[in-house]
Amino acid sequence: MAEAAVNAGLTATFALLMWYFNIFMMSRRPNKARKQSISYSKLLSSLLFGLVVMLGLAWIQQLILAHINFGPVMLMVEVRGILINLVFYMFLHLLQQNYENQHVSMELERIKNDHLSAQYELLKQQVNPHFLFNSLNTLKAMVESGDQESVDFILKLSNFYRFTLESRKLDLIHVHEEMDILNAYLFLQKARFDGGFTFESTLSKQAMGTLIPPFTLQLLVENCIKHNIVSLEKPLHIRIYEEQDKIVVENQIQQKKGEDNSLGVGLKNIDLRYSHLLDRHIEIIDDQKVFRIKLPFIYEHHHH
């Protein structure tokens, strides 16, 4: 019992010393970035220190138990010390790497979120400057011709940009608010194109109560008008309706000559916003006759 107690006590002392020595070794950070692989110089230092400590403890053990000849078993004692040291070193190395990996992952996630937030804020600020330019040209022509609706045009243009200022800082608004923005935009476009397109909306009350990123429908309708022929001889028909929990914006394809069939900044903008807010993408359907964009419903209880 005495031999077992001395042996256990010295082994526990060795284990405790090596545990804290390895912690001390691993906590010493070099100036350069830490590598993910094992530091063999530190491992060798730990093993050499362990051998010295084990020799010292074995000498103390021999003083306490002088009647035992430790010569034949000294190799076994040193091997036991090396194994204990290796287990401690590898365990602490794994703990350290796990902690550092988690720290790096959290930092990367933070940077990613900051980047996405900055990117999304930039997306919300994008308003097509050509629209203002075209609207002012239309207003100029209306004023010069004495058009009685020029005052209404100015009011609608003012309302549209008031909506822009009020909604630019919001991530989501209700669809019925988005329809107010769209109606103001359509009034301005009808004054410009004078019956060159028709618009129909059959959204239900439920769809009107869902949420949508600001200026989504306006950008989609703007894309319809921008990429297709709009004329009295060949009017463009634009529809908005709902289908299987999705808002659908549809128009027949009558592409302008020289049009490169690009999806445009507006469509990419909308897809990025849905990806950021809902982690989903919009559906784009082009059968060469009709062009459709499907937007997933965003219910209010999903938004936090």
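Here, the structure is the one placed above.
Undergrad: Residues and numbers for a negative patch on the surface, please.
TA: Judged by side-chain charge, D147, E149, D152 and D194 come together as a negatively charged surface patch. Structurally, E149 is set in the loop between α4 (129–144) and α5 (150–167). For E149, a relative accessible area of 44% translates into the label partly exposed.

Undergrad: Please set out the packing of helix α6 (residues 175–193) against helix α8 (residues 216–227) residue by residue, giving values where relevant.
TA: Two elements in contact, α6 and α8, have axes separated by 8 Å at closest approach and are oriented at 25°. Put simply, α6 runs roughly parallel to α8. Of the two possible hands of crossing, α6 and α8 adopt the one that is right-handed. Packed against α6, whose contacting residues are E178, M179, I181, L182, Y185, L186, Q189 and F193, the element α8 presents T216, L217, Q218, V221, E222 and I225 at the interface. Split into classes, the residues belonging to the contact of α6 with α8 amount to nine nonpolar, three polar and two charged.

Undergrad: Kindly report on the environment of G50, identifying the contributing residues and their values.
TA: Within the fold, G50 resides in helix α2 (residues 40–64). The spatial distance from the C-alpha of G50 to the C-alpha of L17 is 8.8 Å, given a sequence separation of 33 residues. The contact partners of G50, leaving out residues within four places of it in the chain, are F14, M18 and N85.

Undergrad: Go over α6, please, and point to the residues and values.
TA: In this model α6 runs 26 Å from its N-terminal to its C-terminal C-alpha over 19 residues, within 8% of the 27 Å that 1.5 Å per residue would give. Three or more residues of α6 are buried, namely V175, E178, M179, I181, L182, A184, Y185, L186, L188 and Q189. At the exit of α6 stands D194, carrying a positive phi of roughly 50°.

Reading the values: rules and limits
Residues numbered from 1 in each chain as written. Predicted model: local features only at pLDDT ≥ 70, side-chain atom pairs only at ≥ 80, totals over all residues. Heavy atoms only, no water. Patch = residues over 30% accessible without salt bridge, like charges linked within 9 Å, V, L, I, M, F, W, Y side chains within 5 Å. Areas by Shrake-Rupley, 256 points an atom, 1.4 Å probe, with all protein chains shown as cover. Salt bridge = Lys/Arg side-chain N within 4 Å of Asp/Glu carboxyl O. Lys, Arg positive; Asp, Glu negative; His and termini not counted. Charge placed at Lys NZ, Arg CZ, Asp CG, Glu CD. Helix = DSSP H or I, 4+ residues; strand = E, 2+ residues; numbered from the N terminus. Buried < 20%, exposed > 50% of the residue type's maximum accessible area, 1.4 Å probe, protein only. Axes fitted to C-alpha atoms, helices over the stretch in contact; angles between N-to-C directions. Parallel < 35°, antiparallel > 145°, perpendicular 65-115°, else oblique. Left-handed = near helix turned anticlockwise from the far one by under 90°. Contact = heavy atoms within 4.5 Å. Nonpolar A, V, L, I, M, F, W, Y, C, P; charged D, E, K, R; others polar. Expected span 1.5 Å × (residues − 1).

Honestly, it's all geometry; don't read function into it.
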